[in-house]
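# Report on the structure
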Amino acid sequence: ILVGGKGLAGGYAPMGGVLEVKADETRPVMFLVEAIQDPREAPLERLQIVKAWVDADGKAKEQVYDVACAGGVAPDAKTHRCVLESAPPDLTSCKVADGRGQSQLSAAFSAPDYQSGERSFYYARVLQVPTCRWSSWDAIRLGVAPLPGAVAWLQERAVSSPIWVEPAV
């Protein structure tokens, strides 16, 4: 995952960096994010930006935004979520359905709930299409029934380092 943030006052920060934004800046911060599939792994389903901050009451908050969806589908403008069905793999072969996911996802994202002077951080997260869990693979290889009650599939993900947004002093 590659991610970079830009404060419209001219600052730029790579992942893991601090983006200083003028306290009176009202335009939202912008992020450029890209994820590329590992050629030995499953295709990518969605790319997300996660915002975290502490509100005025001292409570930790988090907001997840889907910013790129497989198949070129745009996230819903109101919910900021991809309208995708995360279908499980074929549990008899662990094969991912043809046409699911993409090898690359990228987006430019302007934080819609950016608050001037707010301290926060943003990080990128990418989700693969669902794949078999190790216990499902073992059951297939050994020719036995899956373990009763075992989770058959999961959805792997990767996360970036955060970009810290701080008011400039």
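Residues numbered from 1 in each chain as written. Predicted model: local features only at pLDDT ≥ 70, side-chain atom pairs only at ≥ 80, totals over all residues. Heavy atoms only, no water.

## Some details on the overall build of the chain
Assigned secondary structure in the chain consists of one helix and twelve strands. Order of helices (α) and strands (β) in the chain, N terminus to C terminus: β-β-β-β-β-β-β-β-β-α-β-β-β. Over its C-alpha atoms, taken along the principal directions, the chain stretches across nearly 65 × 35 × 30 Å. Within the chain, the proportion of its 169 residues that are buried is 38%. Here the contacts in the chain between residues at least 6 apart in sequence split such that 71% fall between residues at least 24 apart. Put simply, the chain shows about 9,700 Å² of open surface, and 55% of that area lies on carbon and sulfur atoms. (Helix = DSSP H or I, 4+ residues; strand = E, 2+ residues; numbered from the N terminus. Buried < 20%, exposed > 50% of the residue type's maximum accessible area, 1.4 Å probe, protein only. Contact = heavy atoms within 4.5 Å. Areas by Shrake-Rupley, 256 points an atom, 1.4 Å probe, with all protein chains shown as cover.)

## Some remarks on the state of the cysteines
Counting across every chain of the model gives two disulfides. Across the disulfide, cysteine 69 is cross-linked to cysteine 82 (sulfur-sulfur distance 2.0 Å). Disulfide cysteine 69-cysteine 82: torsion about the S-S bond near -90 degrees, hence left-handed. Taken together, the residues span a long stretch of sequence, with cysteine 69 in strand β6 (residues 60-69) and cysteine 82 in the loop between β6 and β7 (104-110) at a distance of 13 residues. Across the pair, exposure class does not vary: cysteine 69 and cysteine 82 are buried alike. Two residues share a disulfide in this structure: cysteine 94 and cysteine 132, whose sulfurs sit 2.2 Å from each other. Judged by the torsion about the S-S bond (-100 degrees), the cysteine 94/cysteine 132 disulfide is left-handed. Here cysteine 94 is found in the loop between β6 and β7, whereas its partner cysteine 132 is found in strand β9 (residues 131-132), with 38 residues between them in sequence. Of the residues examined, cysteine 94 reaches a relative accessible area of 6% and is grouped as buried. Shown here for the chain is a disulfide pattern of 1-2, 3-4, where each number marks a bonded cysteine counted in sequence order. (Disulfide = S-S within 2.5 Å.)

## Description of the packing of aromatic side chains
Throughout the structure, instances matching the rule amount to four aromatic pairs. Geometrically, the ring pair formed by phenylalanine 31 and tyrosine 122 is tilted, given 4.6 Å between the ring centres and 40 degrees between the ring planes. One end of the pair, phenylalanine 31, is in strand β4 (residues 30-36); the other, tyrosine 122, is in strand β8 (residues 120-128), and 91 residues separate them in sequence. Each member of the pair, phenylalanine 31 as well as tyrosine 122, carries the same accessibility label: buried. Note on phenylalanine 121 and tryptophan 164: the rings are 4.7 Å apart at their centroids and 50 degrees apart in plane angle, and the pair reads as tilted. Here phenylalanine 121 is found in strand β8, whereas its partner tryptophan 164 is found in strand β12 (residues 163-167), with 43 residues between them in sequence. (Phe/Tyr/Trp six-rings, centres within 6.5 Å; stacked < 30°, edge-to-face > 60°.)

## Considerations on the nonpolar core
In this structure, Val29, Phe31, Leu47, Ile49, Val67, Tyr122 and Val165 are the most contacted members of the largest nonpolar core, which totals 23 residues. Sorting the residues of this core by element identifies β3 (18-21), β4, β5 (44-54), β6, β7, β8 and β12 as the ones contributing at least two each. Those residues in contact with leucine 47, other than ones at most four positions away along the chain, are Val33, Glu34, Ala35, Tyr65, Asp66, Val67, Ala68, Leu105, Ser106, Ala107, Arg125 and Val126. (Core = buried A, V, L, I, M, F, W, Y, C linked by side-chain atoms within 4.5 Å.)

## Side note on the pattern of salt bridges
Enumeration over the complete set of coordinates arrives at nine salt bridges. When the shortest N-O distance is used, the salt bridge between arginine 46 and glutamate 45 registers 3.0 Å. Exposure class is identical for arginine 46 and glutamate 45. Each is buried. In this structure, lysine 51 engages glutamate 118 in a salt bridge whose closest nitrogen and oxygen atoms are separated by 2.7 Å. Placement of the pair is lysine 51 in strand β5 and glutamate 118 in the loop between β7 and β8, with a sequence separation of 67 residues. Under the relative-accessibility criterion, lysine 51 is labelled buried at 1%. Residues joined in a network through salt bridges with shared partners are Glu45, Arg46, Asp66 and Arg81. (Salt bridge = Lys/Arg side-chain N within 4 Å of Asp/Glu carboxyl O.)

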